[in-house]
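# Chains, contacts and geometry: an overview
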Amino acid sequence: MEQNVFRKYWLAVLGVVLILVALWMVFLYVPTVTQDGHPFAQRIFYFHVPVDWVAFLSFFIVFIASIAYLRTRDRKWDNIAHSSAELGIIFTSLMLLTGMIWARPAWGVYWVWDPRLTTALVLWFIYVAYLLVRSYAGEEVRGARFAAVLGIVGFIDVPIVALAIVLWRTQHPAPLVFEGGLDGKMMATLMVSLAAFTCLFASLLRVRFSLRKAEYLLRSIEQE
Amino acid sequence: MSTLGKALAITRKDILSEARSKEIVFSALIFAILVIIIFNFAFGADQTSMTLVAPGILWVTFTFAGVLSLNRSFVAEKEENCLEGLMIAPMPREVIYIGKGLGSLLFMVVIEIIALPIFTVLFNVSALSLPVIVITLLATIGFAAVGTLFSALAVNTKARDMVLPILFLPVVVPVIISAVKATSLALTGSGWSDLGSWLAILGAFDVIFMVVSFWVFPFIVEE
């Protein structure tokens with residue numbers, strides 16, 4: 001029993017520990033970068049980037065699970081895709097919100113119609129449609145099938161959306177990470193924060209997955 | 001009968017039924033002209049601001065008229081249970097996609113052929129040039145490729161009229177952006193070389209979504 005509990009919650013525990021470490025690093029460890037006279041605004045970067053990564057990861061999981069569902073018709077895959085899409089919308093919303101909070105001091109406005117922001121917004125709408133299709137479909141199995149189609153089409157659309165909007169001039173800061181623009185401490189903080197959010201995502205996905213599995217079971221018992 | 005022949009038979013059926021009812025083209029066309037006129041009220045009539053907003057107006061009009069006509073594409077099939085007839089026909093389901101897609105493309109092109117000159121006259125812009133026509137054709141192929149897939153999906157849901165725009169609009173965002181930008185360049189007299197990258201995005205979108213939709217369509221019309 002005890003071992004079972006550990007196996008069930010180790011990801012969540014690891015996530016909590018990593019998030020506490022990340023908080024310490026973000027506020028006390030990492031050097032201050034004063035940006036346009038705002039010494040603290042830049043620190044949101046360490047939450048914003050991991051949230052972006054998790055949002056993208058979740059939609060990638062939706063894509064893969066959707067293909068797997070259409071191929072195997074195993075409800076497990078639909079459950080994964082559905083749970084991951086819900087989390088993806090939460091993290092995309094967080095991505096837009098943290099971005100806006102940063103944009104206000106940095107750019108003076110909450111929102112600009114910049115390529116990356118616009119792409120994120122379009123992404124958000126595609127996956128809201130993904131959830132709506134399920135509830136509009138009537139039957140559950142049909143909804144799963146329709147959603148899987150949208151999970152594939154929507155994900156393939158993302159690079160084209162990004163490409164189209166990137167042809168406009170971009171205002172979003174270019175990804176510094178790949179150009180070596182971050183010093184050691186900043187890089188370490190970002191990495192810990194990335195790991196923390198990935199653990200958080202994985203444990204949330206796991207909880208949502210088993211919750212939905214229990215819902216299926218309950219419904220099938222009720223029908224008998 | 002070859003695969004293409006079967007698809008064309010479906011398209012022919014749609015054209016015949018449309019020629020008799022004139023349901024899709026006529027209503028979508030009236031709608032498109034109304035949208036153009038409403039926008040004229042919204043933005044005032046001075047020439048400089050018109051040239052600036054004209055490409056946007058054109059593509060909002062074509063997008064909404066497209067949604068309207070795509071929405072009808074599978075409604076008749078569903079209401080008269082014709083879809084079941086198509087599904088028991090001895091052919092792969094992908095053929096239905098090609099046939100219906102060609103029909104929708106044709107109807108939208110007819111609407112655009114009539115709406116473009118009207119737009120040119122009312123807004124005093126030179127929209128009847130070869131670049132604008134090429135852009136319109138490429139964008140409309142993209143609309144038909146995605147729209148036929150989502151139209152077949154929407155017709156099997158409860159709120160069918162609402163579902164199509166909710167699915168369709170975010171996915172065709174790259175088409176709308178590219179079409180508006182390219183049209184704006186074309187209207188201000190830029191050459192083909194300036195349009196290149198936008199036309200490339202439109203072309204890439206068309207090819208990718210024709211292939212993907214072709215592949216996933218059978219999953220939509222399973223029952």
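Residues numbered from 1 in each chain as written. Chains lettered and ligands numbered in written order. Predicted model: local features only at pLDDT ≥ 70, side-chain atom pairs only at ≥ 80, totals over all residues. Heavy atoms only, no water.

## Digging into the overall build of chain B
The helix and strand inventory of chain B stands at 10 helices and 0 strands. Helices and strands appear in chain B in the N-to-C order α-α-α-α-α-α-α-α-α-α. Over its C-alpha atoms chain B spans a radius of gyration of 18 Å, differing by no more than 12% from the 17 Å that the globule rule assigns to 223 residues. Principal-axis analysis of the C-alpha atoms places the extent of chain B at approximately 55 × 35 × 30 Å. With 223 residues in all, chain B has 50% of them scored as buried. At a minimum sequence separation of 6, the contacts of chain B that also span at least 24 residues come to 80%. (Helix = DSSP H or I, 4+ residues; strand = E, 2+ residues; numbered from the N terminus. Rg over C-alpha atoms; globule rule 2.2 N^0.38 Å. Buried < 20%, exposed > 50% of the residue type's maximum accessible area, 1.4 Å probe, protein only. Contact = heavy atoms within 4.5 Å.)

## Concerning the overall build of chain A
Helix and strand counts for chain A stand at 6 helices and 0 strands. Ordered by position from N to C terminus, the α and β elements of chain A give α-α-α-α-α-α. Burial status across chain A gives 45% buried among its 224 residues. Carbon and sulfur atoms form 70% of the exposed surface of chain A, whose accessible area is close to 11700 Å². (Areas by Shrake-Rupley, 256 points an atom, 1.4 Å probe, with all protein chains shown as cover.)

## Comments concerning the interface of chain B and chain A
With 30 residues of chain B at the contact, the number on the chain A side is 30 residues. Carbon and sulfur atoms make up 78% of the surface buried where chain B meets chain A, a total of about 2800 Å² over both sides. For the interface between chain B and chain A, the tally reads 2 salt bridges. Residue Glu 222 of chain B pairs with Arg 73 of chain A through a salt bridge whose shortest N-O separation is 2.6 Å. (Buried area = accessible area lost by both parts, 1.4 Å probe. Salt bridge = Lys/Arg side-chain N within 4 Å of Asp/Glu carboxyl O.)

## Quick look at the side chain of Thr 183 of chain B
All names here are of chain B. With respect to the helices and strands, Thr 183 occurs in helix 9 (residues 173-187). The buried category is assigned to Thr 183, whose relative accessible area is 1%. A polar contact is formed between the side chain of Thr 183 and the backbone oxygen of Ala 179, at a distance of 2.5 Å. If sequence neighbours within four positions are ignored, Thr 183 has contacts with Pro 55, Leu 58, Trp 59 and Ile 135. (Polar contact = N/O pair within 3.5 Å; in protein donor to acceptor, adjacent residues only side chain to side chain.)

## Description of the environment of Ile 101 of chain A
All names here are of chain A. Turning to its location among the elements, Ile 101 is positioned in helix 3 (residues 75-107). Ile 101 gets classed as exposed once you look at its relative accessible area, which sits at 53%. As for Ile 101 and Val 26, which are separated by 75 residues in sequence, their C-alpha atoms are 16 Å apart.

## Comments concerning the side chain of Arg 134 of chain A
Residue and element names in this part refer to chain A. Tracing the backbone through its elements, the reader meets Arg 134 in helix 4 (residues 115-136). Looking at Arg 134, its side chain comes within polar contact range of the side chain of Asp 78, at 2.9 Å. What Arg 134 contacts, discounting residues up to four positions off in sequence, is Asp 78, His 82, Gly 143, Ala 144 and Ala 147.

## Remarks on the confidence of the model for chain A
Taken as a whole, chain A shows an average pLDDT of 83; of its residues, 88% reach a score of 70 or greater. Confidence, expressed as mean pLDDT per element, reaches its minimum in chain A at helix 1 (residues 2-29) of chain A with 79 and its maximum at helix 2 (residues 45-72) of chain A with 90. (pLDDT = per-residue confidence, 0-100.)

## Let's talk about the packing of aromatic side chains
Residues and elements named next belong to chain A. In this structure the tally under the stated criterion is 17 aromatic pairs over all chains. With a centroid separation of 6.1 Å and an interplanar angle of 70°, the aromatic rings of Phe 47 and Phe 197 are classed as edge-to-face. A residue pair is termed long-range when its members are at least 10 positions apart, and Phe 47 in helix 2 and Phe 197 in helix 6 (residues 184-223) qualify at 150 residues. Each ring, one from Phe 91 and one from Phe 201, has its centre 6.3 Å from the other, and the planes form 75°; the classification is edge-to-face. (Phe/Tyr/Trp six-rings, centres within 6.5 Å; stacked < 30°, edge-to-face > 60°.)

## So, helix 10 (residues 192-220) of chain B
Residue pairs three or four apart in sequence face the same way in an α-helix, which turns once every 3.6 residues. In this model, helix 10 of chain B (29 residues) spans 39 Å end to end at C-alpha, consistent with the 42 Å of a helix rising 1.5 Å per residue. In the structure, helix 10 of chain B departs most strongly from a straight axis at Trp 198 of chain B, where the bend amounts to approximately 35°. (Expected span 1.5 Å × (residues − 1). Bend = angle between axes of the 7 residues up to and from the residue.)

## A short note on the nonpolar core
In terms of nonpolar packing, the biggest core is built from 105 residues, with Tyr 127 and Val 153 of chain A together with Phe 119, Ile 135, Leu 149, Phe 150 and Phe 168 of chain B touching the most fellow members. Counting residues per element, this core draws most heavily on helix 5 (residues 140-166) of chain A, which supplies 13 residues. Residues contacting Val 153 of chain A, with those up to four places away along its chain left out, are Leu 149, Phe 150, Val 171, Phe 209, Val 212 and Val 216 of chain B. Judged by nonpolar contacts, the second largest core, of 20 residues, contains Val 26, Tyr 46, Ala 55 and Leu 194 of chain A. (Core = buried A, V, L, I, M, F, W, Y, C linked by side-chain atoms within 4.5 Å.)

## Quick look at a nonpolar patch on the surface
A contiguous nonpolar surface patch, about 1000 Å² in accessible area, is contributed by Val 5, Tyr 9, Val 13, Val 16, Val 17, Leu 20, Val 21, Leu 23, Trp 24, Phe 27 and Leu 28 of chain A. Here Val 5 of chain A is to be found in helix 1. (Patch = residues over 30% accessible without salt bridge, like charges linked within 9 Å, V, L, I, M, F, W, Y side chains within 5 Å.)

## Regarding unusual backbone geometry
The phi dihedral of Arg 73 of chain A falls on the positive side, at around 60°, and the residue is not glycine. By relative accessible area, which is 34% here, Arg 73 of chain A ends up partly exposed. Unusually for a residue other than glycine, Asn 124 of chain B sits at a positive phi of about 55°. With respect to the element layout, Asn 124 of chain B can be found in the loop between helix 6 (93-123) and helix 7 (130-154).

## Brief notes about the packing of helix 2 of chain A against helix 3 of chain A
All names here are of chain A. As a packed pair, helix 2 and helix 3 sit with axes 7 Å apart at the nearest point and diverge in direction by 160°. In terms of orientation, helix 2 and helix 3 fall into the roughly antiparallel class. In this structure, the crossing between helix 2 and helix 3 has a hand that is left-handed. (Axes fitted to C-alpha atoms, helices over the stretch in contact; angles between N-to-C directions. Parallel < 35°, antiparallel > 145°, perpendicular 65-115°, else oblique. Left-handed = near helix turned anticlockwise from the far one by under 90°.)

## A few points about helix 7 of chain B
Residue and element names in this part refer to chain B. The terminal C-alpha atoms of helix 7 lie 35 Å apart, and with 25 residues this matches the ideal 36 Å at 1.5 Å per residue to within 8%. Residue Gly 147 marks the point of greatest curvature in helix 7, where the axis turns by about 30°. In terms of burial, helix 7 is a largely internal element, 19 of the 25 residues being buried.

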